[in-house]
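The residues making up each chain are set out below.
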Amino acid sequence: MGENVNSAEQLRAVEGAPVLTQAASTGERVLGALSALALCAVLAGAAAVEIPVVLGCVVLLLALALVLRWRWYHLRAPGRRPHTKVEEWMSFLVPVALAIPGLGLLWNNPVALAGALVAAAVPTALFAGYLALRWRR
């Protein structure tokens, strides 16, 4: 079997274990909120005006990079708890939801500003929900 370890050694091992309840800093929360606002503004602005398809692809790739960068940050941040199933699904749905405003960008089909805001609000709301779920503890 294993070695018997006395309770004092076990207590020291538990105290030395990493804590997975580190809260998000104020700077991280502000940067996340600014990221969500930028995501919505850039997607809505690009979908409302007629831009070249290449520029639309760049906008879409930058939006995807922003979303994935936040996910990778949360996966690698020290002292953070693992993702829950809901957070995993949210992090999957955000890039998929980028297709809603992305189709207009890829087909160079500008829409009215109200429609562009609604299309951009879907991935932005999912992204903000993901960030809020990650910061809840």
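Predicted, not measured: the structure shown is a model, and the values here were computed from it. Throughout, a residue's number is its position along its own chain's written sequence, starting from 1. Restriction of local features to residues with pLDDT of at least 70 applies here, the model being predicted, together with a cutoff of 80 or more for giving and counting side-chain atom pairs; totals for whole chains, interfaces and linings are based on all residues. Excluding hydrogens and water, the side-chain values take into account all heavy atoms of the structure.

Asker: Tell me about the packing of helix α4 (residues 85-97) against helix α5 (residues 99-106), residues and numbers included.
Answerer: Working convention: axes come from line fits to C-alpha atoms, limited for helices to the stretch in contact. Angles between N-to-C directions cover 0 to 180 degrees. Think of it this way: any DSSP run of H or I at least four residues long counts as a helix, any run of E at least two long counts as a strand, and we number them from the N terminus. It is at 6 Å that the axes of α4 and α5 come closest, and there the two elements cross at 25 degrees. When the interaxial angle is binned, α4 and α5 end up roughly parallel. Mapping the contact onto sequence places Pro 95, Val 96 and Ala 97 in α4 and Ala 99, Ile 100 and Pro 101 in α5. In terms of residue class, the contact of α4 with α5 is made up of six nonpolar, no polar and no charged. In these notes the angle categories are as follows: under 35 degrees is roughly parallel, over 145 is roughly antiparallel, 65 to 115 is roughly perpendicular, and the rest is oblique. A contact between two residues is defined here by any heavy atoms of the two lying within 4.5 Å. In this classification, Asp, Glu, Lys and Arg are treated as charged, Ala, Val, Leu, Ile, Met, Phe, Trp, Tyr, Cys and Pro as nonpolar, and every other residue, Gly included, as polar.

Asker: If you had to explain the side chain of Arg 71 to someone new, which residues and values would you point to?
Answerer: Secondary-structure assignment places Arg 71 in helix α3 (residues 53-76). A 1.4 Å probe rolled over the protein chains alone gives each residue an accessible area, and that area as a share of the maximum for its type sets the label: buried under 20%, exposed over 50%, partly exposed in between. Since its relative accessible area comes to 17%, Arg 71 is described here as buried. Setting aside anything within four residues of it in sequence, one finds Arg 71 in contact with His 83, Glu 88, Ser 91 and Tyr 130.

Asker: Explain the packing of helix α2 (residues 26-48) against helix α6 (residues 113-135) residue by residue, including any values.
Answerer: Look at α2 against α6: their axes get within 8 Å of each other, and the N-to-C directions meet at 160 degrees. Classed by the angle they form, the pair α2 and α6 counts as roughly antiparallel. Note on packing geometry: the crossing formed by α2 with α6 is right-handed. Within the contact between the two elements, α2 uses Glu 28, Arg 29, Gly 32, Ala 33, Ser 35, Ala 36, Leu 39, Cys 40, Leu 43, Ala 44, Ala 47 and Ala 48 and α6 uses Leu 113, Ala 116, Leu 117, Ala 120, Pro 123, Thr 124, Phe 127, Leu 131 and Trp 135. Taken together, the residues that form the contact of α2 with α6 break down as 16 nonpolar, three polar and two charged. The sense of a crossing depends on the near helix, which, turned anticlockwise from the far helix by less than a right angle, makes the crossing left-handed and, turned clockwise, makes it right-handed.

Asker: Please give an account of α5 that cites residues and values.
Answerer: All of the buried residues in α5 are Pro 101, Gly 102 and Leu 105. Projected down its long axis, α5 shows its buried positions confined to an angular sector of 105 degrees, all on one face. In this structure, the buried side of α5 is in contact with α2, α3, α4 and α6. In the segment just after α5, Asn 108 is the residue with positive phi, at about 50 degrees. Our arc is simply the arc of the directions from the helix axis toward the C-beta atoms.

Asker: Please provide a residue-by-residue account of the packing of aromatic side chains, values included.
Answerer: Centres within 6.5 Å make a pair out of two Phe, Tyr or Trp rings, where for Trp the six-membered ring is used; the pair is then stacked when the planes are under 30 degrees apart, edge-to-face when over 60, and tilted otherwise. Summed over the entire model, instances satisfying the criterion amount to three aromatic pairs. Measuring from centroid to centroid gives 5.9 Å for Trp 70 and Tyr 73, while their planes differ by 85 degrees, and the two rings are edge-to-face. Residue Trp 70 and its partner Tyr 73 are both found in helix α3; the two are separated by three residues, about one turn of the helix. Residue Tyr 73 is classed as partly exposed on the basis of its relative accessible area of 30%. A centroid spacing of 5.9 Å and a plane angle of 90 degrees characterise the contact between Trp 89 and Phe 92, whose relative ring orientation is edge-to-face. Here the residue Trp 89 and the residue Phe 92 both occupy positions in helix α4, the gap between them amounting to three residues, near one helical turn. Of the two residues examined, Trp 89 and Phe 92, each falls in the exposed class. The rings of Trp 70, Tyr 73 and Trp 135 are connected pair by pair, giving a single aromatic cluster.

Everything listed is a geometric property; what it means functionally is a separate question.
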